[in-house]
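Chain by chain, the residues:
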Amino acid sequence: MNILGQNFFDLLILLMKNNFSHKITSYIKELSKSALVKNILTVGIVTLFIKGVGFYKELLIAGNFGLSMVLDTFFIAMLVPGFIMGVFINSYLKVFIPNYIIEIKNNGDIRGFQTSSFIITVIIAVFFMLLTYLFTDVFLENFFSGHEKAYYDLIKSQLTIILPCLVIWAISVLLKGLLNVDNEFFYSSLSSLLMPLGTIISLLFFKDIFNESVLAMGVLIGSCSELLLLLVVTKTKKLVFLGYPDFVGSNIKQLLNQIPAKISSSLINSSNTFVDQYFSAQLVVGSIAALNYGWKIPSLAIGLITMALGSVLLPYFSNLAVSDIDTAFIKLKKILRGNFLLCISIAIVLFLLSHPIVTMVYERKAFTAENSNVVYKIQQMYVLLIPFYVVGVIMNRFLTAINKNNFLVLSSLISLILNIVLNYILVEEMGVFGLALATSFVSIINSIVIYSYILHLKKNRYV
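Residues numbered from 1 in each chain as written. Predicted model: local features only at pLDDT ≥ 70, side-chain atom pairs only at ≥ 80, totals over all residues. Heavy atoms only, no water.

### Examining the packing of aromatic side chains
Stage number 1. Considering all chains together, one arrives at 15 aromatic pairs under this definition.
Stage number 2. A centroid spacing of 5.0 Å and a plane angle of 15° characterise the contact between Phe-96 and Tyr-100, whose relative ring orientation is stacked. Of the two residues, Phe-96 and Tyr-100 are both situated in helix H4 (residues 69-105); the distance of 4 residues between them amounts to about one turn of the helix.
Stage number 3. A centroid spacing of 5.3 Å and a plane angle of 80° characterise the contact between Phe-340 and Phe-388, whose relative ring orientation is edge-to-face. Residue Phe-340 is located in helix H15 (residues 325-352), and its partner Phe-388 is located in helix H18 (residues 386-401); the two are separated by 48 residues in the primary sequence. (Phe/Tyr/Trp six-rings, centres within 6.5 Å; stacked < 30°, edge-to-face > 60°. Helix = DSSP H or I, 4+ residues; strand = E, 2+ residues; numbered from the N terminus.)

### Topic: the nonpolar core
Stage number 1. In terms of nonpolar packing, the biggest core is built from 151 residues, with Phe-96, Tyr-293, Phe-317, Tyr-362, Phe-398 and Leu-399 touching the most fellow members.
Stage number 2. Broken down by element, this core gets its largest block of residues, 21 residues, from H4. (Core = buried A, V, L, I, M, F, W, Y, C linked by side-chain atoms within 4.5 Å. Buried < 20%, exposed > 50% of the residue type's maximum accessible area, 1.4 Å probe, protein only.)

### Structural notes on the pattern of salt bridges
Here the idea is simple: oppositely charged side chains can pair when their charged atoms come close.
Stage number 1. Inspection of the entire model under this criterion finds 6 salt bridges.
Stage number 2. Residue Lys-296 pairs with Glu-58 through a salt bridge whose shortest N-O separation is 3.2 Å. Of this pair, Lys-296 sits in helix H14 (residues 287-323) while Glu-58 sits in helix H3 (residues 35-65); the two residues are 238 residues apart in sequence, bridging distant segments of the chain. Each member of the pair, Lys-296 as well as Glu-58, carries the same accessibility label: buried.
Stage number 3. The salt bridge involving Glu-226 is made with Lys-176; its shortest N-O contact spans 2.6 Å. With Glu-226 in helix H12 (residues 214-236) and Lys-176 in helix H8 (residues 165-181), the pair connects residues that are 50 residues apart, well separated along the chain.
Stage number 4. Several salt bridges converge on common partners, so that one network encompasses Lys-57, Glu-58 and Lys-296. (Salt bridge = Lys/Arg side-chain N within 4 Å of Asp/Glu carboxyl O.)

### Re the packing of H4 against H14
Stage number 1. Two elements in contact, H4 and H14, have axes separated by 11 Å at closest approach and are oriented at 10°. The pairing of H4 with H14 is recorded here as roughly parallel in orientation. Every residue of H14 that contacts H4 at Leu-71, Asp-72, Phe-75, Ile-76, Lys-94, Ile-97, Pro-98, Ile-101, Ile-102 and Lys-105 is listed here: Ile-288, Ala-289, Asn-292, Tyr-293, Leu-314, Pro-315, Ser-318, Asn-319 and Val-322.
Stage number 2. Per-class residue counts for the contact of H4 with H14 are 13 nonpolar, 3 polar and 3 charged. (Axes fitted to C-alpha atoms, helices over the stretch in contact; angles between N-to-C directions. Parallel < 35°, antiparallel > 145°, perpendicular 65-115°, else oblique. Contact = heavy atoms within 4.5 Å. Nonpolar A, V, L, I, M, F, W, Y, C, P; charged D, E, K, R; others polar.)

### With respect to H12
Stage number 1. In this model H12 runs 33 Å from its N-terminal to its C-terminal C-alpha over 23 residues, within 8% of the 33 Å that 1.5 Å per residue would give.
Stage number 2. Taken from the residues just after H12, Lys-238 is the one with a positive phi, measuring 55°. (Expected span 1.5 Å × (residues − 1).)

### Looking at the side chain of Ser-411
Stage number 1. Inspection of the secondary structure puts Ser-411 in helix H19 (residues 406-430).
Stage number 2. Residues contacting Ser-411, with those up to four places away along its chain left out, are Asn-446, Val-449 and Ile-450.

Here's what the structure looks like:
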């Protein structure tokens with residue numbers, strides 16, 4: 001604890017020296033002189049627009065469903081596909097980008113590298129799609145027991161519609177990766193607009209046709225539209241080069257060696273969602289939906305920052321890792337400092353204005369004032385993690401860029417254990433609010449642990 005405490009103190013001193021406004025202003029001025037800011041702003045502006053559309057989608061959902069069984073079952077139906085997407089498909093993408101960059105710089109077999117990557121991700125998607133379909137009943141009986149048959153039937157009907165999206169997502173994320181490596185961040189970001197649009201179109205025009213499956217159909221419509229756009233753009237930009245698969249090249253071997261660690265880390269991190277859903281399912285009906293609503297606005301703030309930074313920084317750090325690792329450490333320090341200060345300011349504002357924000361955004365039709373009183377308190381608990389979540393994402397991208405994914409497994413395991421322990425303790429004292437507060441505590445501790453490791457790497461020049 002003494003080591004962690006000292007590193008936490010060092011992190012705060014590093015990130016909070018002098019006043020907020022001076023540091024944030026200096027950070028913005030410095031970034032404005034760099035080519036990096038162009039890509040960050042591009043993704044940030046597009047993301048802001050997409051988040052705005054996404055919020056309109058949430059307003060439609062809230063007005064139509066409130067905290068209802070339909071919404072609870074949709075979130076559960078999305079849980080496993082979202083888990084597979086985040087753990088297996090996105091994990092492959094994150095190790096694909098740095099090693100694909102190395103392949104390009106070494107004038108390697110790009111065609112074979114790309115082809116192998118598409119084959120692997122599609123196989124992963126199909127395998128888990130079939131596995132999920134076969135073991136849905138077992139999963140529901142063990143994790144969400146105690147409900148009526150209609151509840152489970154509604155989950156399974158929506159899940160059947162969503163599962164084919166796994167193959168679509170697998171192809172889409174690699175196409176986005178190719179665009180990001182080629183600095184085409186505008187198109188890779190803009191394609192994400194089609195996901196919320198699919199739900200909006202489904203709700204506005206097909207609700208009476210799709211009935212209780214309207215949200216699941218919206219996901220399918222959005223996924224297909226996104227893939228179509230990405231195929232058109234990557235073909236126009238001539239970024240896809242397919243040939244004979246290559247599983248024996250040095251870089252593809254390095255990529256394959258990193259996959260187990262990255263998947264393990266993502267698997268453990270995603271387990272936190274299952275843990276929270278499990279605990280919330282033991283509470284009153286509507287608790288799962290309340291947690292999701294409470295997370296929406298904090299995730300908007302986080303998403304606007306991390307979606308831009310996450311997309312841009314992985315190829316950015318990957319290029320620096322190949323050419324000048326010392327500069328990569330210096331850039332990381334500056335980016336951490338500026339983002340931490342910015343996010344603290346955002347968190348303070350959101351915490352103080354949480355109640356009026358929730359009332360203004362959600363309170364209409366089926367979403368009552370009583371719902372608002374629950375959701376705004378959950379939102380306040382989540383707001384606490386914003387600065388630590390953001391710097392954690394940045395540090396995670398840095399370690400992935402230098403192929404140090406093994407440590408992320410350890411940090412993720414620590415976070416999972418802490419989440420379970422804190423959930424048990426806090427849910428007894430605070431109910432559903434304790435689940436949100438536990439998540440914030442876990443994020444804070446996780447960022448300290450990762451920062452400590454990066455300090456160790458820098459000190460020992462072990463890269």
